[in-house]
Amino acid sequence: MHRIFRKISLLSLLAVLFVISFGSAISVAQNTREQKPKLIVRVVVEQMRYEMLLRYWDKFDEDGGFKWLTNEGLICKNTQLSYAMTERAAGFATLSTGAVPASHGIIADYWYNRLSDDREFSIEHNSYYITDDDGITDSDGYSPHKLFTTTLGDELKMINERSKIYSISLNPVSAVFGNGKLSNGAFWFFDKSGGWVTSSYYMDSLPQWVKDFNQRNLQDVYMNRKWDKLLQEEEYINSMPDNNEAEKGFTVINKSSFPYNLSLIKDKSYSYKYLKYTPFGNTYTKDFALALLENEDLGGDEHTDLLSISLASSSYLDEIFGSRSREMEDLFYRLDKDLAHLLDYLETEIGKENILVVFTSDRGSLDLPAFRESKNLPAKTFKPRQSISLLNSYLNIIYEKESWVKSYYNSQLYLDHGLIDQNSHDIEKFQEQIARFLEKKSGVLYATRASSLRDSYYDKGIKGKVQRSYHPKRSGDIFLSFEPGSVEYPNNTGSAYNYDSHIPLIWYGMKLKPGVVNSRVSLKDITPTISLLFDLPLPEASNGDIIDEVIDAFED
């Protein structure tokens, strides 16, 4: 009898504890739902290494955007990309989906298509057309249809149709992958007119406010000025000397030192293209973001809206001047002011308690070989054309004289499977012989076989990152990884090293307590963390981890 009584008492106690725990869980969930922001803003500064925040810190304004975010937000100091091919499309797709390229399918900006025997653009969609001020044009449009999974924006839209989802960028790839397939709209810069356009995938005509914005001709305001240094010359201590041989500069006027006559550059190029290559491209993007916020009334009601803003001028500038240039340093001092203006608008018009700002980057940047050599750092260059030519000669000695290599693209070798099968060769043995040959080339660390990526599991290290970049429908037969500091010429597609993968991440707004997170987190962790915070469904292929320190930083 006593044993029975004790069992009943124990069961009763467990039941009470379960009710208390369950009730607490429900209470937490209810509190989370009540704390949903009116607006989530993702601000992505393209190709910004975390180190840049440290490099320019002393010259940032005390009331500027970078110190505003860092001092009042929660900064994750060890945020990494967890995959090897660190390109724009892969970065924005990873941020939006909470998944790695191996899952969401966007392995790069472009990839080789075996069926068409040509390169394929990640956002191309010939069923749609560019939409400008005059309506649908005859130019091919873009869409996110090559994504294999949903995004945070898609899930937010499906759970609440009244939520508004938008993304903007100077670059169409950043805009299209800034959100997802259910986005209300994605807008990007059009080189020829200097205005903002979209695709008929989203809308057949631009909203009137976009037409009105374009008619303000701010692109002329910015391209009719002189770009000179914002600070005094002696204050530029965090960059290489101006006009050094490593810089391409504005080839249209054959100039690579301050000051720049932007009106002359515009006239020589017959377009507004080079606005993207100046700090004023970021300012122009910020101007458009403020117009979108106001005219679409984002954050104006209780239905959570989502805006993705890509500030892409840093990426364009990196192409012609490099990440250690005077021009890049000046860009970040000006960007500091643009960020402050954006934050001030959000707080004044919507309220800090109603917004969540996530500040990050899509990828980092390798220093130019000339800079590394000046510091006595390794700076090898891998030239694919020469190496593939030697590889073909090697294969023709071992096998029949054929064109065994179909294509080389994005550090990947694509073999002619039909030819290999036709000659009854073993594909895995073929890959193994090629890998051994390529690993002997200068600058190459690993030549990883597709068969190995399919059949083995690499948890950590470079091969783990390669595996997370590999997709069987779009990737090649051999994936090259280079030694630290080595670059593929002329098209570098990123790497697994910190200069390409270590990026900033700062959370700001609502009741988020300021602080520092030192533990290692990933770009793919941002979306699942937001989803858990605000009781939203996870995107279908999301495989990121929850950042516990962000959850804990929200006050009761």
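Residues numbered from 1 in each chain as written. Predicted model: local features only at pLDDT ≥ 70, side-chain atom pairs only at ≥ 80, totals over all residues. Heavy atoms only, no water.

Caption draft 1: Quick peek at unusual backbone geometry. Cis geometry is found at the peptide bond from Phe-258 to Pro-259, where omega equals -5 degrees. With a phi angle near 55 degrees, Tyr-270 is a residue other than glycine that sits in the positive phi range. Within the element layout of this structure, Tyr-270 appears in the loop between helix H10 (262–269) and helix H11 (279–295). With a relative accessible area of 75%, Tyr-270 lands in the exposed category. Positive phi values are uncommon outside glycine, yet Ser-424 reaches one of about 60 degrees. Mapped onto the secondary structure, Ser-424 falls in the loop between helix H16 (417–422) and helix H17 (427–438). (Helix = DSSP H or I, 4+ residues; strand = E, 2+ residues; numbered from the N terminus. Buried < 20%, exposed > 50% of the residue type's maximum accessible area, 1.4 Å probe, protein only.)

Caption draft 2: Seen up close, the sheet that holds strand S7 (residues 135–142). Taken in spatial order, the 11 strands line up as S7-S6-S10-S9-S8-S13-S1-S14-S22-S2-S23 in an open sheet, and their pairing is mixed. Only two strands of the sheet have a single neighbouring strand rather than two, namely S7 and strand S23 (515–517). Direction aside, neighbouring strands of the sheet carry axes that sit 20 degrees apart on average. Strand direction decides the pairing type here: strand S9 (residues 185–189) and strand S10 (residues 196–199), joined by 2 bridges, are antiparallel. Within S10, the residue paired with Trp-188 across the bridge is Val-197. (Pairing = 2+ DSSP bridges. Axes fitted to C-alpha atoms, helices over the stretch in contact; angles between N-to-C directions.)

Caption draft 3: Empty space enclosed by the protein, seen in detail. Overall, the coordinates contain 4 cavities of 30 Å³ or more when judged by the stated rule. The calculated volume of the largest cavity comes to roughly 110 Å³. In terms of lining, the largest cavity is formed by 14 residues, of which the most central are Ala-84, Leu-480, Ser-481, Gly-494 and Ser-495. If one sorts the elements of the lining of the largest cavity by residue count, strand S19 (residues 478–482) sits on top with 4 residues. Here the residues of the lining of the largest cavity sort into 8 nonpolar, 6 polar and no charged. By volume, the second largest cavity is sized at about 50 Å³. Lining the second largest cavity are Lys-286, Ile-309, Leu-311, Leu-335, Asp-338, Leu-339 and Leu-342. Contributions of two or more residues to the lining of the second largest cavity are made by strand S13 (305–311) and helix H13 (326–349). In terms of residue count, the dominant contributor to the lining of the second largest cavity is H13 (4 residues). (1 Å grid on protein atoms, 1.4 Å probe; cavity = no way out; pocket = protein on both sides within 12 Å on 5 of 7 lines; lining within 4 Å. Points joined across faces, edges and corners; volume = space filled by probe spheres on them. Nonpolar A, V, L, I, M, F, W, Y, C, P; charged D, E, K, R; others polar.)

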